[in-house]
Each structure stands twice: as structure tokens, then as C-alpha cells.
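# An overview of the molecular structure
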Amino acid sequence: MKVKITVSLRTGVLDPAAETIHRSMGQLGFEAVTSVVQRRVFEVDIAKSDRDAVLAEAHAMADKLLANPVIETFTVDLVE
Amino acid sequence: MTEVNQAVAAEHGLSADEYAEILRILGRVPNLVELGIFSVMWSEHCSYKSSKAHLKRLPTEAPWVVCGPGENAGVVDIGDGQVVVFKMESHNHPSFIEPYQGAATGVGGIMRDVFTMGARPVAMLNALRFGEPSHPKTRHLIAGVVAGIGGYGNCMGIPTVGGEINFHKSFNGNILVNAMCVGVAEADKVFYAAAAGIGNPVVYVGAKTGRDGIHGATMASAEFSEETEAKRPTVQVGDPFKEKLLLEACLELMASDAIVAIQDMGAAGLTSSSFEMASRGGTGIELDLSRVPMRETGMTPYEIMLSESQERMLMVLRQGAEDEAAAVFRKWDLDVATIGRVTDTGRMVLSFAGEVVADVPIAPVAGASPVYERPIEPSPPPVPVVSARVPSPLAPLDALQKLLATPDLVSKRWVWEQYDSTVGADTLAGPGGDAAVVRVHGTQKALALSVDCTPRYVEADPKMGGCQAVAETWRNLIAVGATPLAITDCMNFGNPERPRIMGQFAAAIDGMAEACRALDFPVVSGNVSLYNETDGRAIQPTPGIGGVGLLADLTRRATIAYDQDGLTLLLVGECFGWLGCSLYLREIVQSEDGAPPPVELEAEKRNGLFVRELIEQGLLRTCHDLADGGLLVALAEMALASNIGMRLEAPPSGVNPTGWWFGEDQGRYVLAVDRDQRKAVLDAAKAAGVLVRAIGQTGGDDLGIAGQSAVSLATLRALSEGWLPAYMEAGQ
Amino acid sequence: MRVAVVTFPGSNCDRDLAVAFARATGRIPKRVWHADSELPSVDVVGLPGGFSYGDYLRCGAIAARSPIMRAVADFAARGGRVLGICNGFQILTEAGLLPGALIGNRDRRFVSRWVELDVTHPDSDFTRAGKAGQRLRVPIAHHDGNYTADAETLARLEGDGRVAFRYVDNPNGSAHDIAGILSAGGNVLGLMPHPERAIDKALGGTDGSVVFRSLVEALA
């Protein structure tokens, strides 16, 4: 099964990349942009067929490896 | 708003006595904003309440010192109307929680301390202490801290030119990340942080304020426990790009006369910057917190005052200069806002949305914070180790091979290749030598820079260890040919409420003070980091010393590498074969016992000045000071740096061979000289009363000792270079 | 030879590059701000190293879209010489003035060391002061210096002799050991190593001055 793990900065943590990108959008004339968020997305194939087991495994790998719990959160979605 | 009482004060880390003192100062119960202000201003980190009484004993003056401790950084004259501005600071606790961001923001913070004063940063150094390599967290911490230091410094375009890294189990739960920044300014363009000129605007510039690291300053002042690790306060994220813009904008504005005073917002953010500026100026300040640029919605005055968002500055401008300043900052895409003015009330009055939210006198909060004479218990005197009784299970060259592969002595190339050490095109000697050497841009002068401390010596004998840290820094500057000027200190210790820890601190200060005085090497800036403990286990006490020296002519300098066969190797200094606290004892005999090698300050100075004189006269181009691991390790380091071998004579009779090769006696150097230089050097030594003896010759592609087999440089190099990359890759 | 050096927000080798040009030409280069839309009248434009816009989004991506880069593109189209070093090289690829892209180093770490380069195209305007077969020793300092391009582009670069420099010991995983490439017209050079940091014996070598002296010769 395939899962999509999306890692985002926690609310309130400074995102200098998004801030800089937002500013340069304004400079390029995209003035209506009011906010920019940058996230990392992982698509992971897991060779298991039990939905709950796949989700649990995806959660575990996000928690242990993909996200830095000090500054990031994550969501897990089943793709197929 | 939460009602303030003693329990709330305790949650803010204030003792019952301190809370009573706040009630006395205000004549009423503080509100939560005011309590927050007191708690951070009176935290150990901002107030130096445990250390102040002892720090006073350090010498801070010399004819070449322009500004000693108390400002953002120390300032020292380097001639031709120029000054060097420098300071070292710790970022230990944040780096343990989030190594990349903790180390990065530590680098950013110390850079701001330097460019706040009008200096362009020209070099960075760092001193890192990690736990045992086998500890499950060590690898992750090294990777994160090194990437964080590089990520920030490289982006800023300031070369990271030197440093040291040690490992010991006492740092398993509490690593040390100390960063030093060195800048150069015109002597008549140094900026200070005293708010002056009643009615002058107080201006905020830089990044917007978010809820970053609220109570970071109080966190740095409390011991770590499993619980605080789980709590994980909002970590500050560094933005080196913004800091680069801030650097350029500040230096651009400083070229005019718009700025009266300027202070970076470091620990305790807006609170400490505003209080310290008013305190130094003997003035008051009014701020309207609604005007502070904010990144998040719904921030309270309490959060605004305690936020530790990075890359921000507070400045007092000359009246009428606001437009000029705003134009410069806007050019560099930075937020700028006038948030208040200087007053003559001696009070800090904060308003928010039209209401006064805090009104406190400045002097008792900033200047007259509590000072504690905490109880002291001396460390038990160490029992010296008798060299003759130390086992010698390995032949010297076998012991050498084992030592070169120990984590404390291995090549740290894996680390320093992640730091841009050549940006600025002024780095004459980067990482890997005795001291880094950086040219003063556009001149023939150069600065020599070194950071040093041997924590195991300090633990065994805090006074001697403190003395040794200063002496070794001095020696490293001498070894490249510099005139040592002054130091910054970064005092990393455990919980000062324990008498043994406070005893270590007091004794280390005494030892440092003695060395500073004897070597004309005053302290001009510094930082104290206490409570470096985890669950009651203290770190090895680490008074890190960062030294700065001056080379008047950059062509007259020495390096550890020689360039030809047939040179004579000379040993400068007495050799008693001191093995107590040595790496040999720890790594080969598995004992951490004994007394550290004594520093004889008179001999130290005599030997050092002798060596420097030779370099200054152009008689000497190859020199290495002896430190960790002793003579044979130093010789191997020289041979590896030169890629030319050496043939060594057997130890002189009457000296214990193990002590000869591996003793860590102080005040010593190895020189490599040709036949012509040899006579001149030996004559000069005789005249100066310095003991110098020939111990071997350069040449070949191996390192050999008379009467023993030799070991190839390739073998030694593989041992020295192999360990760290293999260790780091094993974790991937 | 008249030179302009562009400063983007986050450039940090602009001064070093200006010093190197000044030493080679005896004239102080003009400094140009990223927000300017016109170049002064010059023969050479230098795009310096650094971390323009913090390397956010992609290295050089935001700088490549700044007003001055339209002027630089026009200048290059008219045959003007453009030298992009490190981040300047990244900006040139992002701006489409040079083919390919610079992605993260093979080891995924920043790498700062002195390296040796083979001058593979000793006749260009940027290398002619060197000797055929000369090896240059210069520093590198980058996190994203891994040159990559599709097979067709690489074949074209090789076939047209547009690989200007190759690493002797590839430090970052670059395709074909490429350290620097020329535009089709030969008037634009992008390279990851920093010749401007190797113009002084005291700093460890003078090999980098070949690039600057070559331009002086070419434009004499």
C-alpha cells in the first residue's frame, strides 16, 4: 500500500524559506499572495495489506525519522 | 491575567527571597509581565548572580584594552586606528535539545554581539564537547551541531577557522557548544549600548517577533532532567540569510552618525536589550509593544517581552535620523519600527494597546540584581602520578598509533571540511594548526586565534586547570609568531548551588587570574554557563579560553609543517615526564588519576617569548606547541602535516621513557631548523636561559626512533584520518 | 578592462571577487545592486559566490529572477563576458544562461577544501593565460555543487569543448567531473571552485589568478 507523509513546521516556528519565497513573489508582481507554507512530502510504498498496520508503520517512521518532533509535525494519508 | 504570588514566582525560577525583594522594590505585587521581566533579568544567564563575585578577580586591563567585560564584546587596539572585537559564548542546552538549530542560533547570537559594536566579523572558532562516542546520542549530536555551525557561518560568509572537539562521558547528557566570533572595526567607529539623549527614538530592526524560545534564558539557568527534555520549549530557528542582511544594513547605517546606541536581542530578547541599554545609559525607556513587528497573531505583552526570536536588534537613534535608518533597512528588506523613546525617569514603562502593562525601575532590575556568595568546597588535592610506576605495556610507536586513533586526538577533518574556512580570502592558516591566522583585510597585519581548555585537568585540579587553559591559549598564539593580546572566557560548569561545583568555579578563576596576570593576557569579554548537569551528574568543568594575538608582519609567522629533509628537530622546555591526567594514562592504562602537569608561569613566559622572538626575527618557520598526548604525538602531527618523516633519538638517560614520549609537561615547543638556524637558535637559547635540545632530524616517509622500528606516515595518517569518518558513517 | 560585480541579498564573496578583479586589472570594479535594472558600461560582469536569498527554494533560483539578471542576460546575448563563481554559477544555470543544474553534493554535506582542477579547455577567454595541461589548485566551498545535466546536454558540452575545468578528484559527484562550463558562445563561464580565493601566495596559492589574467588578455 502507498502512504503520503507530509511534514510541516509546527505552528509558530519560524520558516525563513517560506518567508523569503513569499517576499520574492511580491517582488515578481504576485502581490495578492498573503501566505506561503513549505512542506516536505514523502510517498512511501509499504508491502503490507492491513490498513491499520500500514498506517501505524507510517506513523512510526514519521515520528522516528522523517519529522524532527522538536520543530515539526506530520500527517499521514493512505493513497491507495 | 494570571494573579502573581510566590508560587507563580517559583514557577518562574525565582526564590522566596528574590520574590520578597521584588515586592520591596516595587512596593506592590508585580503583574505577570513584570514578574516575567524580573525572572529573566535575575536568571543566572543574564545576572551572573552566582559568578559575579568571583569574576571580579580576573584582570581586565592593559594599555591595549579599549573596552573590557560589560559590553557586548571586548575591544582591543591592534594599531593603525583599528581594533579587534571578540567574544565567546555558550549555547549548550539549546544544542542538546535541537542540535542543528541550537548550534546555528548560538553562532548567530555571538556574531550579533560583535557586529553590534560596529565590527565586521572576520573569523569564527568553536569549542565542542560531546559525550562518549558509544553513547547513543553522540553521533546525532555531532552531525547536527556541525551542520548547524556550518549552515549559519557559511551562509554569513564568515570563515570558521579553528576550534577543538573533545569527548568524555561527563558530557553524555549535556554537551558544550561554545562559539567565538572575532571582528575588526575602526577605533573611532566602535558602537556601545548605552541609551542616551532624552527623547531619542528607540528603534526595532530585523526579523519579526514570534513565540520562539520563550523562557530560553531561564532554561539555560536550570539543570536538565528527563522531564525538561520532554517539555521541549519552542525552539528558536535561525535565519542566517536575515542575519546577513542585518549585518550589512547595520554596518551601512553605522557609517553615518544616525546610531546613538545599539544592542542585539539575545537571550531574554527585548527585555534584556532594553533594560541593559537604559541601565548603561542611566536613563529610562518607554516602549509601546503594539508597535513591535510580530510574526504571529494574538501575542501578549508577556510573550513579546520574553520572546527570543533571532536576528533582531534594538537601537537608539539620533532624533531626526529615523527616515535615514528606515531607508537603509528597507533597502535590505528588513522590518524596522520606532517602538519607543529614551526618558529621564530611570524607569521602564511598557504599554500595549493604550494601557500601561509594566512600570518598573531599571537600576534594581538590571544593575543591582542579586549577588550570591555561594558556599564553596575545595576539590580534594589530586595525588601526583609517579612516572616510573606507570605501566608501559606497549612500545612507544605502538602506543603512538593507539593514541592517534583515539577520538580526542584524531583528525577532525570530517568536521572542519563542513565549514567554509577560506571565504573572505584572508585566511592564512585555517583549521589544523596551533592557532588560526587571519589577515586584517587590506593590511600586512594578521590576527592569531585559538580556543583551548583541557577539562580533565580542571576536574583534577581546578586552579591548575584554569591556569593551564590560559597558558595553552597563550602558547598556541606564540607558536605561530603572534603577540598574545587578550582573551575571552566561556565558563561551563555544573550546578553552582553545590559547594563542590562552586569550589571548582572559584579555583578555576584563581588559576586563570594568575596566568592572565603573569602573561599580560587580560580578559576582555566572557560568558558563564552554569547548571550543566543531567540528573545530578555534572560535566567536567570547562573554562574555555578564546585568545587573540597580533602578527605585525604576516610574512614572519610559523606553521607546524616543515618542507624539507635534514632539518634538526629541537625541543624547547624542561621535560619531567609528567603523566598524571595524561591521555597516555587514560587511553593506554585506562586510568584518569593523578594531578595535571603543573604550569610554571615564569618558564612558560620565558620559553614563549624566546620562541616568538625567533619567529619575529625570521629565524624560525616551523613550530608546534606540545599539548594533549605529549611529545611523540606532537611530532607525529608535524610529520603528517609536512608529509615528510623524521628520525628521532632515544630518550636521554635519567628520564623515564614513557614520560619522555607521552608526558604532558607544559611550556614546551618543538622547532624544525636548518643548519644555519640551528646555531643561531642554540646561541639565543643560551643567552635567554631557555633549555633547548636536539631530538632528531626530518626526512624519509616514516617516523622512527633510534634503536626501534619505524612506522610509515601512511599508517599514521590512516589511523588519524580514519576514525571520525568511519564513526559518522556507521550511523547512516 | 572594465568590470561590474553584482551583489544579491546574501552574496558573500562579492568583495573577494572585486579584489581579485582589481588586482588583475588595476581598476576598482563597479558594484551593482540586484534591484538595478541596468548594467554600467563594462566588459565583464562577475556574479559572486554566497547564499543569495539564503539558498531558499533552490540555490540561485530567486536571484536568477531579480531585475539585474535580465540586464545580465541581454549583456551575455550581446557577447559580454560573464563570470559566475559558486552561487554565481548556480544563478547562471537557474537563469538559463548555462545548461544543467547544480544539485546537493553526493555526500549531502557542505565541502570546503583545496582541490585540483584540470584545465580542459585552455583556449577560452577565461583560461588562455594558463598553460596547456596545467593543473590549478583552488578552494571549493559549497553544499550544492553536484553538476547534473541530461545525457544529450553532457554530450554537447563535451563535443563542443565547453567543459572548462574538471576535478582531478571529484568532491561532489558532478557528472563527468565537471567543475566549470562555458556557454555556447564561450563568453559565459560558470564554475564552482573559487579562483578569487587563490590569488595570493600567503593564502596558499596564486593559481586562481589565471582566470582573471585570461580575461585581461582576451580583452586587451
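Residues numbered from 1 in each chain as written. Chains lettered and ligands numbered in written order. Predicted model: local features only at pLDDT ≥ 70, side-chain atom pairs only at ≥ 80, totals over all residues. Heavy atoms only, no water.

## Looking at unusual backbone geometry
All names here are of chain B. Backbone geometry at Asp80 places phi at a positive 55 degrees, although glycine is not the residue there. Of note, Glu311 is a non-glycine position whose phi angle comes to about 60 degrees, a positive value. The topology assignment puts Glu311 in the loop between helix H13 (301-306) and strand E10 (312-317). (Helix = DSSP H or I, 4+ residues; strand = E, 2+ residues; numbered from the N terminus.)

## Describing the sheet that holds strand E3 (residues 72-78) of chain A
Residues and elements named next belong to chain A. Spatially, E2-E1-E3 is the arrangement adopted by the three strands of the open sheet, whose pairing is antiparallel. A strand with exactly one partner marks an edge of an open sheet, and here the two such strands are strand E2 (40-45) and E3. Taken pair by pair, the neighbouring strands of this sheet meet at an average axis angle of 20 degrees, ignoring direction. Pairing of strand E1 (residues 2-9) with E2 involves six bridges; the strand directions are antiparallel. Across the sheet, residue Val7 finds its bridge partner in E2, namely Arg40. Running at roughly 160 degrees to E3, helix H2 (residues 51-66) makes contact with E1, E2 and E3 of the sheet. (Pairing = 2+ DSSP bridges. Axes fitted to C-alpha atoms, helices over the stretch in contact; angles between N-to-C directions. Contact = heavy atoms within 4.5 Å.)

## So, the interface of chain B and chain A
Across the contact, 15 residues belong to chain B and 12 residues belong to chain A. For the interface between chain B and chain A, the tally reads one salt bridge. Close ionic contact of Lys242 of chain B with Glu19 of chain A constitutes a salt bridge, the shortest N to O distance being 2.6 Å. In this assembly, chain B and chain A are joined by four residue pairs in polar contact (both at pLDDT 80 or more). Here the side of chain B that touches chain A is composed, by residue class, of four nonpolar, two polar and nine charged. (Salt bridge = Lys/Arg side-chain N within 4 Å of Asp/Glu carboxyl O. Polar contact = N/O pair within 3.5 Å; in protein donor to acceptor, adjacent residues only side chain to side chain. Nonpolar A, V, L, I, M, F, W, Y, C, P; charged D, E, K, R; others polar.)

## Looking at the packing of helix H22 (residues 601-616) of chain B against helix H25 (residues 675-688) of chain B
Residue and element names in this part refer to chain B. Two elements in contact, H22 and H25, have axes whose closest approach is 11 Å; the angle formed by their N-to-C orientations is 145 degrees. For the element pair H22 and H25, the recorded crossing hand is right-handed. From H22, Arg606, Phe610 and Leu614 reach across to H25, where they touch Val681, Ala684, Ala685 and Ala688. Broken down by class, the residue content of the contact of H22 with H25 amounts to six nonpolar, no polar and one charged. (Left-handed = near helix turned anticlockwise from the far one by under 90°.)

## Here we look at the packing of helix H23 (residues 630-642) of chain B against helix H26 (residues 713-729) of chain B
Residue and element names in this part refer to chain B. Contact pair H23 / H26: the axes reach a minimum separation of 10 Å and the direction vectors enclose 105 degrees. Judged by the angle between their axes, H23 and H26 are roughly perpendicular. Contacts between H23 and H26 pair Ala636, Ala639 and Leu640 from the former with Leu713, Leu716, Arg717 and Ser720 from the latter. Taken together, the residues of the contact of H23 with H26 sort by class into five nonpolar, one polar and one charged. (Parallel < 35°, antiparallel > 145°, perpendicular 65-115°, else oblique.)

## Some remarks on the interface of chain B and chain C
In this assembly, 29 residues from chain B lie in contact with 26 residues from chain C. Taken together, the two surfaces of chain B and chain C that pack against each other cover about 2,300 Å², and 55% of this comes from carbon and sulfur. Area buried by chain B at its contact with chain C is led by Phe241, Glu417 and Thr422 of chain B, which between them contribute 24% of it. Between Glu417 of chain B and Arg113 of chain C there is a salt bridge, and its shortest N-O distance comes to 2.8 Å. Seen at the junction of chain B and chain C, the total is 13 residue pairs in polar contact (both at pLDDT 80 or more). (Buried area = accessible area lost by both parts, 1.4 Å probe.)

## Points about the sheet that holds strand E8 (residues 259-264) of chain B
Residue and element names in this part refer to chain B. The seven strands lie next to each other as E8-E10-E7-E11-E9-E12-E13, forming an open sheet whose pairing is mixed. A single partner strand is all that each edge strand has here, and the edge strands are E8 and strand E13 (355-361). Neighbour to neighbour, the strand axes of the sheet diverge by 20 degrees on average, direction disregarded. As paired elements, strand E7 (residues 201-206) and E10 share five bridges and run antiparallel to each other.

## Here's the deal with the pairing of strand E22 (residues 568-572) of chain B
Residue and element names in this part refer to chain B. The element E22 is largely enclosed, with a buried count of five among its five residues. Both faces of E22 are covered, namely the face carrying Thr568, Leu570 and Val572 and the face carrying Leu569 and Leu571. Taken together, the five bridges between E22 and strand E25 (residues 669-673) define a ladder with antiparallel strand orientation. Pairing of Leu570 across the sheet is with Leu671, part of E25. In terms of strand pairing, E22 meets strand E26 (residues 692-698) through five bridges, oriented antiparallel. Across the sheet, Val572 pairs through a bridge with Val692, a residue of E26. (Buried < 20%, exposed > 50% of the residue type's maximum accessible area, 1.4 Å probe, protein only.)

## A look at the pairing of strand E6 (residues 176-186) of chain B
All names here are of chain B. Of all 11 residues in E6, 10 are buried, a share of seventy percent or more. Here nine bridges tie strand E3 (residues 82-90) to E6, and the two strands are oriented antiparallel to one another. For Met88, the partnering residue across the bridge sits in E6 and is Met180. Bridge count for strand E4 (residues 120-130) against E6 is nine bridges, and the pairing is antiparallel. Across the sheet, Arg129 pairs through a bridge with Leu176, a residue of E6.

Geometry only, nothing functional implied.
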